[in-house]
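Coordinates in review
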Amino acid sequence: MSADPIALARDLLRCPSVTPAEGGALTVLEKTLAGAGFTVHRMIFSHVGTPDVENFYARVGTGAPHLTFAGHTDVVPPGNEAAWSHPPFAGEIANGTLYGRGAVDMKGGIAACVAAVLEHLAAHNGKPKGSISFLITGDEESVAVNGTTKLLKWAAERGEKFDHCILAEPSNIDTLGDTIKIGRRGSLNGTLIVTGKQGHVAYPHRADNPVRGITTLISALNAEPLDRGSDFFDPSNLEFVSVDVGNKTVNLIPAEARARFNIRFNDRHTLESLKKLVETRARKAAGEHIRFRFEWEPSNADVFVTEPGAFTTLVSDAIASVTGRTPQLSSSGGTSDARFIKDYCPVVEFGLVGQSMHSIDEHVPTADLVALTAIYRRILDRYFQ
Ligand SMILES: [Zn+2]
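Residues numbered from 1 in each chain as written. Predicted model: local features only at pLDDT ≥ 70, side-chain atom pairs only at ≥ 80, totals over all residues. Heavy atoms only, no water.

1. Some words on the nonpolar core
Among the nonpolar cores identified, the biggest contains 56 residues, and Phe38, Phe69, Ile132, Phe134 and Tyr376 are the most heavily contacted of them. Those elements that place two or more of their residues in this core are helix H1 (5-13), helix H2 (25-34), strand E2 (50-60), strand E3 (66-72), helix H3 (107-123), strand E6 (131-137), helix H7 (310-323) and helix H9 (366-383). With nine residues, H3 is the single largest residue contributor to this core. Ignoring sequence-local partners within four residues, the contact set of Ile132 consists of Phe38, Ala58, Arg59, Val60, His66, Leu67, Phe69, Val117, His120, Leu121, Leu380 and Phe384. By size, the runner-up hydrophobic cluster in this structure holds 25 residues, among which are Val194, Leu238, Ala286 and Ile290. (Core = buried A, V, L, I, M, F, W, Y, C linked by side-chain atoms within 4.5 Å. Buried < 20%, exposed > 50% of the residue type's maximum accessible area, 1.4 Å probe, protein only. Helix = DSSP H or I, 4+ residues; strand = E, 2+ residues; numbered from the N terminus. Contact = heavy atoms within 4.5 Å.)

So, in structure tokens, the structure goes:
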């Protein structure tokens, strides 16, 4: 099989796999990996109210250690196709740059790890000293219900055990090799609701204005930081994003006031301990007089961190040996599927440069595809030494 990451990336980019469509992308992977001795499984996961999504698992080898590469072949929509200087699903190369939706997020990353694995296998009589697998979903860019979380459960039920995972998301900020992500903050949405008593503004003693109560509680929750940060994270942040009373009348005291907020939180909290902390602080500020409650939205965005150690060092050293750069170990940015993988094995994210992801003319220098393949190859060679 060809281990050319550029050809493979072009093949993948030509598949219009906008979530939840498979678009042919998993078939490209199946052909490539089955030809290299992988056992391939494709399965469709369903959930009421969400579209069915196809997922993919392929493994070669039976022993330990087991290194798995994770990723997604689905992409966000291209937006206005006329605005692209190269069509979003054509895989065109101009001046050493490959264009297309998913070029960096993350078909390019997948092409590089597949190519590196094929090279590694070819150099070792087609067999790893352990096991190598690919956990690929088609449901990352949308609701992420029928994707990685179910794929991991499916694999666990079959007895699959992973020792380490590399998620090939575009982790670098400006230049290939500048950043490995070893963690991501969690995210939690909630609404604070203060109930009062409706009445005429001229007779405030007969009413109870919830606007007073909610401003008191908002001030209290904003006054004190949730924490001072941790070894690997900045301080957690609670941000009110909307305050609503919906009152159109000036002579009416409303009955209820609501404030929505989002919390991005670090590894000093869990979803449950965080809710308790916020509720306790509100109770303290509310005293006897303010009646309030919280409505918490369901969240599957827990925090994750992989503490620096032998595995992060192995990845860092491989990056440095190819790029000459020592990557920073970062925990910034939004959530990723690593939040699910962390429950099964240590996971780090390292892939292409993220700058053009989700934008018109998403692109990747072909030199980056070649260099990223070389980095993954070094990781594999050292991991299976
Ligand atoms: Zn992505």
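Let us keep going from here.
2. With respect to unusual backbone geometry
Cis peptide bonds are those with omega within 30 degrees of zero, and the linkage from Ala64 to Pro65 qualifies with -5°. When you line up the elements, Pro65 lands in the loop between E2 and E3. Omega for the bond connecting Asp105 with Met106 falls within 30 degrees of zero, at -5°, which places this linkage in the cis form. By secondary structure assignment, the location of Met106 is in the loop between strand E5 (97-99) and H3. With phi around 50°, Asn95 is a residue other than glycine that occupies positive phi space. Within the secondary structure, Asn95 sits in the loop between strand E4 (93-94) and E5.

3. Here we look at the packing of aromatic side chains
Within this structure, the stated rule accounts for twelve aromatic pairs. Ring plane angle 25° and centroid distance 5.7 Å describe the contact between Phe69 and Phe134, whose orientation is recorded as stacked. Of this pair, Phe69 sits in strand E3 while Phe134 sits in strand E6, and the two are 65 residues apart along the sequence. Of the residues examined, Phe69 reaches a relative accessible area of 1% and is grouped as buried. Judged by relative accessible area, Phe134 falls into the buried class, the value being 1%. Ring centres of Phe292 and Phe294 lie 5.9 Å apart, and the angle between their planes is 80°; on these two criteria the pair is classed as edge-to-face. (Phe/Tyr/Trp six-rings, centres within 6.5 Å; stacked < 30°, edge-to-face > 60°.)

4. Description of the side chain of Thr179
Topologically, Thr179 is positioned in strand E8 (residues 179-181). A polar contact of 2.8 Å, which involves the side chain of Thr179, links it to the side chain of Asp178. In this view, Thr179 contacts Ser171, Asn172, Ile173, Pro327, Gln328, Ser330 and Phe350; residues no more than four positions away in its chain are not counted. (Polar contact = N/O pair within 3.5 Å; in protein donor to acceptor, adjacent residues only side chain to side chain.)

5. Side note on the sheet that holds strand E14 (residues 256-265)
One open sheet holds the four strands; their spatial order is E12-E14-E10-E15, and the pairing between them is antiparallel. Unpaired on one side and paired on the other, strand E12 (237-244) and strand E15 (291-296) mark the two borders of the sheet. Going from strand to strand, the sheet's axes swing by 25° on average, the running direction of each strand aside. Here strand E10 (residues 186-195) runs beside E15; their pairing, made up of six bridges, is antiparallel. Considered in E15, the bridge of Gly190 is made with Trp296. Most of the contacts of helix H5 (residues 210-223) go to E10, to which it runs at about 150°, and overall it touches E10, E12, E14 and E15. Packing against the sheet, helix H6 (residues 271-286) makes contact with E10, E12, E14 and E15, and its axis sits at approximately 165° to E15. (Pairing = 2+ DSSP bridges. Axes fitted to C-alpha atoms, helices over the stretch in contact; angles between N-to-C directions.)

That's the geometry; what it means functionally is another story.
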